[in-house]
Amino acid sequence: MSQPTPFLVFSGTNSRYLAEKICTGLNCPLGNMIIQHFADGEFSVSYEESIRGKNVFLVQSTFPNSDNLMELLLMMDAAKRASANSIIAVIPYFGWARQDRKDKPRVSIGAKLIADILGVAGIDRLITMDLHADQIQGFFDVPVDHLYASSVFLEYIKSTLPIENLIIATPDVGGTKRANRYSTHLGVPMVICHKSRKKANEVEEMRIIGDVAGKDVLLIDDIVDTAGTITKAADLMMENGAKSVRAMASHAVMSDPASLRVDRSMLSEIILTDSIPYLMNSKKVTILSIAGIFAEAIRRVCLNESISSLYTIK
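Attention in this report is confined to the structure presented alongside it. Quick caveat: nothing in here was measured; it's all calculated off a predicted structure.

Further remarks concern the overall build of the protein chain. Each helix and strand in the protein chain was counted, giving eight helices and 14 strands. The globule rule puts the C-alpha radius of gyration for 314 residues at 20 Å, and the 20 Å found for the protein chain is close to it. If you line up the protein chain on its principal axes, its C-alpha atoms span 65 × 45 × 35 Å. Counting across all 314 residues of the protein chain, residues that qualify as buried make up 54%. Summarising the internal contacts of the protein chain: among those between residues at least 6 apart in sequence, 62% fall at separations of at least 24. For the protein chain, the accessible surface area stands at approximately 14600 Å², while carbon and sulfur atoms represent 49% of it. Separation of charge centres in the protein chain, based on 33 positive and 35 negative side chains, amounts to 4 Å.

With that settled, consider the side chain of Thr 62. In this fold, Thr 62 is placed in the loop between β4 (55-59) and α2 (67-81). Reaching out from Thr 62, the side chain makes a polar contact with the backbone nitrogen of Gly 95 at a distance of 2.7 Å.

A word on the sheet that holds β4. Spatial ordering of the open sheet is given by β1-β4-β5-β6-β7, a layout of five strands whose pairing is parallel. Looking at the sheet topology across the chains shown, the edges are occupied by β1 (7-11) and β7 (144-147). Each neighbouring strand pair of the sheet contributes to a mean axis angle of 15°, computed without reference to strand direction. Two elements, strand β5 (residues 86-91) and strand β6 (residues 125-129), share four bridges in a ladder whose sense is parallel. For Ile 88, the partnering residue across the bridge sits in β6 and is Arg 125. The sheet contacts of α2 involve β1, β4 and β5, and relative to β5 the element is tilted by about 165°. Along the sheet face, helix α8 (residues 291-302) touches β1, β4, β5, β6 and β7 and points at about 155° away from the line of β6.

This part covers the packing of helix α1 (residues 16-26) against α8. Packed helix pairs are specified by the crossing angle of their axes together with the interaxial distance, meaning the distance between the axes. Where α1 contacts α8, the axes come no closer than 8 Å and their chain directions differ by 55°. Our classification of the angle between α1 and α8 gives oblique. Regarding α1 and α8, the two cross each other, and that crossing is right-handed. Seen from α1, the contacting residues are Leu 18, Lys 21, Ile 22, Gly 25 and Leu 26; seen from α8, they are Ala 291, Phe 294, Ala 295, Ile 298 and Arg 299. Among the residues forming the contact of α1 with α8, the class breakdown is seven nonpolar, one polar and two charged.

Moving on, we get to the nonpolar core. The biggest cluster of nonpolar side chains holds 45 residues, and the ones touching the most others in it are Ile 22, Phe 57, Ile 127, Leu 147, Ile 157 and Ile 168. By residue number, the principal contributor to this core is α8, which donates seven residues. With sequence-adjacent residues up to four places away left out, Phe 57 is seen in contact with Phe 7, Leu 8, Val 9, Phe 10, Ile 88, Val 90, Ile 127, Ile 298, Val 301 and Cys 302. Of all hydrophobic cores here, the second largest spans 36 residues; its members include Met 76, Ala 89, Ile 114 and Ala 115.

In this model, helix α3 (residues 110-121) (12 residues) spans 16 Å end to end at C-alpha, consistent with the 16 Å of a helix rising 1.5 Å per residue. For α3, the complete set of buried residues consists of Gly 110, Ala 111, Ile 114, Ala 115, Leu 118 and Ala 121. Down the axis of α3, the buried set is contained in an arc of 140°. They therefore lie on one face. Of the surrounding elements, those touching the buried residues of α3 are α2 and β5.

With that settled, the discussion passes to the environment of Cys 302. Along the polypeptide, Cys 302 turns up in helix α8. In this structure Cys 302 comes out as partly exposed when scored by relative accessible area, which is 25%. Taking C-alpha positions, Cys 302 is 7.5 Å from Phe 7, a pair spaced 295 residues apart along the chain. Residues within four places of Cys 302 in sequence aside, it is in contact with Phe 7 and Phe 57.

The rules behind these values
Residues numbered from 1 in each chain as written. Predicted model: local features only at pLDDT ≥ 70, side-chain atom pairs only at ≥ 80, totals over all residues. Heavy atoms only, no water. Helix = DSSP H or I, 4+ residues; strand = E, 2+ residues; numbered from the N terminus. Rg over C-alpha atoms; globule rule 2.2 N^0.38 Å. Buried < 20%, exposed > 50% of the residue type's maximum accessible area, 1.4 Å probe, protein only. Contact = heavy atoms within 4.5 Å. Areas by Shrake-Rupley, 256 points an atom, 1.4 Å probe, with all protein chains shown as cover. Lys, Arg positive; Asp, Glu negative; His and termini not counted. Charge placed at Lys NZ, Arg CZ, Asp CG, Glu CD. Polar contact = N/O pair within 3.5 Å; in protein donor to acceptor, adjacent residues only side chain to side chain. Pairing = 2+ DSSP bridges. Axes fitted to C-alpha atoms, helices over the stretch in contact; angles between N-to-C directions. Parallel < 35°, antiparallel > 145°, perpendicular 65-115°, else oblique. Left-handed = near helix turned anticlockwise from the far one by under 90°. Nonpolar A, V, L, I, M, F, W, Y, C, P; charged D, E, K, R; others polar. Core = buried A, V, L, I, M, F, W, Y, C linked by side-chain atoms within 4.5 Å. Expected span 1.5 Å × (residues − 1). Arc of directions from axis to C-beta.

Here's what the structure looks like:
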């Protein structure tokens, strides 16, 4: 007689495409769950199989709109009430992460609020990827496995891009640490774009710190939202003599008119992951899957093995 599966994987509505890939990597079926939507926009969650005593992994990125977060919370509450042994939230893209501090008076710290809400809902562990700020891990009172997309990105860089003429760039000063990791690992130089903003999602001024003349530039970021910063940086690099400019980011928020801006920009390519579904069409967008990273992380959590060895660069 075969032993019962010690864990089950379930998914919210808009992350099902990724959960299915994760389950393929784990060689297990995706759990049977129904999310019923009502006419007024409310919805309910029910597990259609027993999860008593199981380690339950709930896959759901919390990208806009807020229904994705609410689905995850209801999934957690239902799992807790159905006597799951542990509830592990698998959140490839952790929304509200850009609200990680008070940058002016009388504002909320959204990332801390979401961490508190997940804690009250019953989370036992969080598996996520490329948080906007590393310190967000400290907002949680449970273990956080913070994965990086660098393994899939570095494989793509080494197999596709001209390393001998490569230079790493960051579209803003805040991403210097992230870009420096790639620069150090690949043994190539780095430049920085310094920007100032009039308001959120609108860049007022940008300048380059460093020399990009004759170089193949790779811009590294964690999130591409409206693509205003990344496309402005790419155009500026080309104006300063760059041979080519590509961009690489972990999370494809890609709010309108991001795809249009990318298509009209001097970017030759933008490489993103499938942590968020990218539903637009752009000949310049390349999507790499991070399902394998999460499948391996889930396997190691179940077997109490080290996660840190997954990290190519940290």
